[in-house]
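Per-entry structural report
Given next are the chains, with one letter for each unit.
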Number of protein chains: 2
Amino acid sequence: MSGKYVPAYEKIAALLRTAIESGEIAPGGQLPAVRDLAARYEVTPGTVSRAVGRLQALGLVTTTRGGGIYVRGFEPIIRNSPGRLARDRWGTGATIQDADTGKRSRTVDVETGERVAPDWVAAPLGLADGAVAAFRSRRFVVEDRYVQLSVSWMPAELVRGTAIMHTDTGPGGMYARLAELGHAPATFVERVRTRMPTRDEEERLELLAGTPVFEITRHATTEAGRCVEVNRMTLDGRAYVLDYTFPA
Amino acid sequence: MSGKYVPAYEKIAALLRTAIESGEIAPGGQLPAVRDLAARYEVTPGTVSRAVGRLQALGLVTTTRGGGIYVRGFEPIIRNSPGRLARDRWGTGATIQDADTGKRSRTVDVETGERVAPDWVAAPLGLADGAVAAFRSRRFVVEDRYVQLSVSWMPAELVRGTAIMHTDTGPGGMYARLAELGHAPATFVERVRTRMPTRDEEERLELLAGTPVFEITRHATTEAGRCVEVNRMTLDGRAYVLDYTFPA
């Protein structure tokens, strides 16, 4: 935000956020009262209330009727594979994200369309250089917190005009729809990297400075060996534990 | 290093390292000659040579007979699961780390012994609070670069006096030995987190500032459902891509 005017409530929200995320005020702990914060930061109670509203929107605090402000805990999301992607789930209409420690997730900012596929998408999908692919982009929200960005890429001729291109893909989501189209995923490969976020990811996931992200690239391949989806996900590194179970 | 005297060659090594790791000098690219670097940094050629020696030790550059200094590429290690941990491998004497994109790894700084188990070890191993467990700690080196710290914890009475407590555990490593003892791992669970490194990890993995790590906690469980190993690994986040393959 350098060189840009930052309103007082944003500055106070940032200070309180740092105090919370550093653990200085622990989960379950109470913040000082609005009037005390107003005195400390030499602003009006109204400005403090706006800052608190900002923290509420970020899912960091809850307020009681009596005016108490409490730090919310955020237990990491356990993202369990292969369980969450088992055909037993999406094949029977379940939502993949709901497998993650039973946390309810909301899908927001869905965008779909067709676009020139980047190389790392075109190659596995078997598309020519510069060819167009269908994409489905969205953000996932858990407990009022942005936790994941996800963009799925699919062969355009496979999904054009289907529910996969709708905001709501229906029960079982896109894998259930791909199965109905005769292209059920049989194998998933997830490649997991960790890195610091880009500026854009930092903003879209509302990450605290110094939070790494997981970058997961998933290939969904049919029994016949055709890759029908390439999904690039960016996960808030503080929000997730990835859990992979496999036999010896 | 604040407050500590830093020799000139260390400062120059740090500057060159930043230029290399930021991509300013690309893999395969040539550094200026020693005499030019000496002039640029206003030090003797001997000091520059020491700095270059440091970069060589870190696996960042190679030198030619003619005196050329070249940036080494370091392709990320593809760590493929379940393949690398398949019984077909360790059951026939292969080394787990060697499955990782065929890169040769060396195990260094092996320490073994018995120690009070931390909670996250005692619970899965079924030990009482404050009980002692056997540990096996080591670092892994790939292409002259430290890439991973690893500490395995096992029930002490299971492995005391066995090759698992030796520096060299023999063909197939500790899983092959556990199998001989009648405790072959049948299932692995890996829980993957990402975070910024501790100061100690930063030093032991020689991480560039701003490099996140993977923290992987693996539980190895026998057919009978007994957890026989808890392994906590810290991986250089720039060195690894984790690859998990599983069915739908």
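None of these values were measured; they are calculated from a predicted model. (Residues numbered from 1 in each chain as written. Chains lettered and ligands numbered in written order. Predicted model: local features only at pLDDT ≥ 70, side-chain atom pairs only at ≥ 80, totals over all residues. Heavy atoms only, no water.)

With that out of the way, let us pick up the relation of the copies chain B and chain A. Of the transformation placing chain B onto chain A, the axial shift is 0.1 Å and the rotation is 180 degrees, giving an RMSD of 0.1 Å. On the angle and the small slide along the axis, the relation comes out as a two-fold axis. A share of 100% of interface residues in chain B that are also interface residues in chain A marks the association as one of identical surfaces. (Least-squares fit on C-alpha atoms with pLDDT ≥ 70 in both. Contact = heavy atoms within 4.5 Å.)

Any two side chains of opposite charge can pair, on the condition that their charged atoms come close. Residues and elements named next belong to chain A. This structure, assessed with the given rule, holds 33 salt bridges over all chains. Between Arg79 and Glu190 there is a salt bridge, with the nearest N and O atoms lying 3.0 Å from each other. Taken together, the residues span a long stretch of sequence, with Arg79 in strand S3 (residues 77–81) and Glu190 in strand S7 (residues 185–195) at a distance of 111 residues. For Arg79, a relative accessible area of 0% corresponds to the buried category. The exposure class assigned to Glu190 is buried, which follows from its relative accessible area of 0%. Three or more residues joined by partner-sharing salt bridges are found here, namely Arg195, Glu201, Glu215 and Arg232. (Salt bridge = Lys/Arg side-chain N within 4 Å of Asp/Glu carboxyl O. Helix = DSSP H or I, 4+ residues; strand = E, 2+ residues; numbered from the N terminus. Buried < 20%, exposed > 50% of the residue type's maximum accessible area, 1.4 Å probe, protein only.)

A few words on the UniProt feature "domain: HTH gntR-type" (unreviewed entry) in chain A. Within this structure's numbering, the places UniProt gives as "domain: HTH gntR-type" (unreviewed entry) are residues 6–74 of chain A. The distance separating the terminal C-alpha atoms of residues 6–74 of chain A is 28 Å; by composition the span is 51% helix and 9% strand. (UniProt positions renumbered as here; feature names shortened; annotations may be inferred.)

Attention now moves to the domain arrangement of chain A. Residue and element names in this part refer to chain A. Taken domain by domain, chain A comprises domain 1 (8–71) and domain 2 (77–244). Between domain 1 and domain 2, the C-alpha centre-to-centre distance is 34 Å. Both sides together, the interface formed by domain 1 and domain 2 hides about 520 Å², and carbon and sulfur atoms give 41% of it. Its largest share of buried area at the contact with domain 2, domain 1 owes to Arg17, Glu21 and Leu58, together 68% of the area lost on that side. (Domains from an automatic or database assignment. Buried area = accessible area lost by both parts, 1.4 Å probe.)

A few words on the sheet that holds strand S10 (residues 240–247) of chain A. With mixed pairing, eight strands are arranged side by side in an open sheet as S3(A)-S10(A)-S7(B)-S8(B)-S9(B)-S6(B)-S5(B)-S4(B). Strands at the two margins of the open sheet, each flanked by one partner only, are S3 of chain A together with strand S4 (105–116) of chain B. Direction aside, the axes of adjacent strands within the sheet are offset by 20 degrees on average. (Pairing = 2+ DSSP bridges. Axes fitted to C-alpha atoms, helices over the stretch in contact; angles between N-to-C directions.)

On to helix H3 (residues 45–57) of chain A. Residue and element names in this part refer to chain A. For H3, with 13 residues, the first-to-last C-alpha span of 18 Å sits near the 18 Å given by 1.5 Å per residue. Along H3, the residues classified as buried are Thr47, Val48, Ala51, Val52 and Leu55. Down the axis of H3, the smallest arc covering the buried residues is 140 degrees, so these residues share one side. Elements in contact with the buried residues of H3: helix H1 (8–21), helix H2 (34–41), strand S1 (61–63) and strand S2 (69–71). Positioned one or two residues after H3, Gly59 has a phi angle of 75 degrees, which is positive. (Expected span 1.5 Å × (residues − 1). Arc of directions from axis to C-beta.)

For the rest of this paragraph, the subject is the pairing of strand S6 (residues 145–154) of chain B. All names here are of chain B. Burial runs high along S6: eight of the ten residues are buried. With nine bridges joining them, strand S5 (residues 132–142) and S6 adopt antiparallel strand pairing. Across the sheet, residue Arg138 finds its bridge partner in S6, namely Ser150. Where S5 hands over to S6, the hairpin turn is made up of two residues, of which Glu143 adopts a positive phi near 50 degrees. Strand direction decides the pairing type here: S6 and strand S9 (residues 227–236), joined by six bridges, are antiparallel. Residue pairing for S9: Trp153 is matched across the bridge by Val230.

Let us look at the interface of chain B and chain A. Contact residues are listed per partner, giving 34 residues for chain B and 34 residues for chain A. Surface buried jointly by chain B and chain A totals about 2,800 Å² across both partners, of which 66% is contributed by carbon and sulfur atoms. Taken together, the connections running from chain B to chain A amount to two salt bridges. The partner of A:Arg191 in a salt bridge is B:Asp243, and the shortest N-O contact between them spans 2.7 Å. For the interface between chain B and chain A, the tally reads eleven residue pairs in polar contact (both at pLDDT 80 or more). Put simply, the parts of the chain that give the side of chain B that touches chain A at least two residues each are strand S3 (77–81), helix H4 (87–90), strand S7 (185–195), strand S8 (213–222) and strand S10 (240–247) of chain B. Considering every element that reaches the side of chain B that touches chain A, the biggest residue donor is S7(B), with eleven residues. Class assignment of the residues belonging to the side of chain B that touches chain A gives a composition of 22 nonpolar, six polar and six charged. (Polar contact = N/O pair within 3.5 Å; in protein donor to acceptor, adjacent residues only side chain to side chain. Nonpolar A, V, L, I, M, F, W, Y, C, P; charged D, E, K, R; others polar.)

What follows covers the packing of helix H1 (residues 8–21) of chain B against helix H3 (residues 45–57) of chain B. All names here are of chain B. Packing of H1 against H3 leaves a shortest axis separation of 8 Å and a crossing angle of 50 degrees. Accordingly, the angle class assigned to the pair H1 and H3 is oblique. Crossing of H1 over H3 shows right-handed handedness. Of the residues in H3, those touching H1 at Ala8, Tyr9, Glu10, Ile12, Ala13, Leu16, Arg17 and Ile20 are Thr47, Arg50, Ala51, Arg54 and Leu55. By residue class, the composition of the contact of H1 with H3 is eight nonpolar, one polar and four charged. (Parallel < 35°, antiparallel > 145°, perpendicular 65-115°, else oblique. Left-handed = near helix turned anticlockwise from the far one by under 90°.)

For the rest of this paragraph, the subject is the packing of aromatic side chains. Following the criterion strictly, the structure yields twelve aromatic pairs over all chains and no others. Between A:Phe214 and B:Phe214, the ring centres sit 6.4 Å apart and the planes meet at 20 degrees, which makes this aromatic pair stacked. Separated into two different chains, A:Phe214 in strand S8 (residues 213–222) and B:Phe214 in strand S8 make up a pair that spans both. Across the pair, exposure class does not vary: A:Phe214 and B:Phe214 are buried alike. It is A:Arg50 that lies over the ring of A:Tyr9; its NZ or CZ is 4.0 Å from the centre. One cation-aromatic arrangement involves B:Arg139 over B:Tyr146; the distance from NZ or CZ to the ring centre is 3.9 Å. (Phe/Tyr/Trp six-rings, centres within 6.5 Å; stacked < 30°, edge-to-face > 60°. Lys NZ or Arg CZ within 6 Å of the ring centre and 35° of its normal.)

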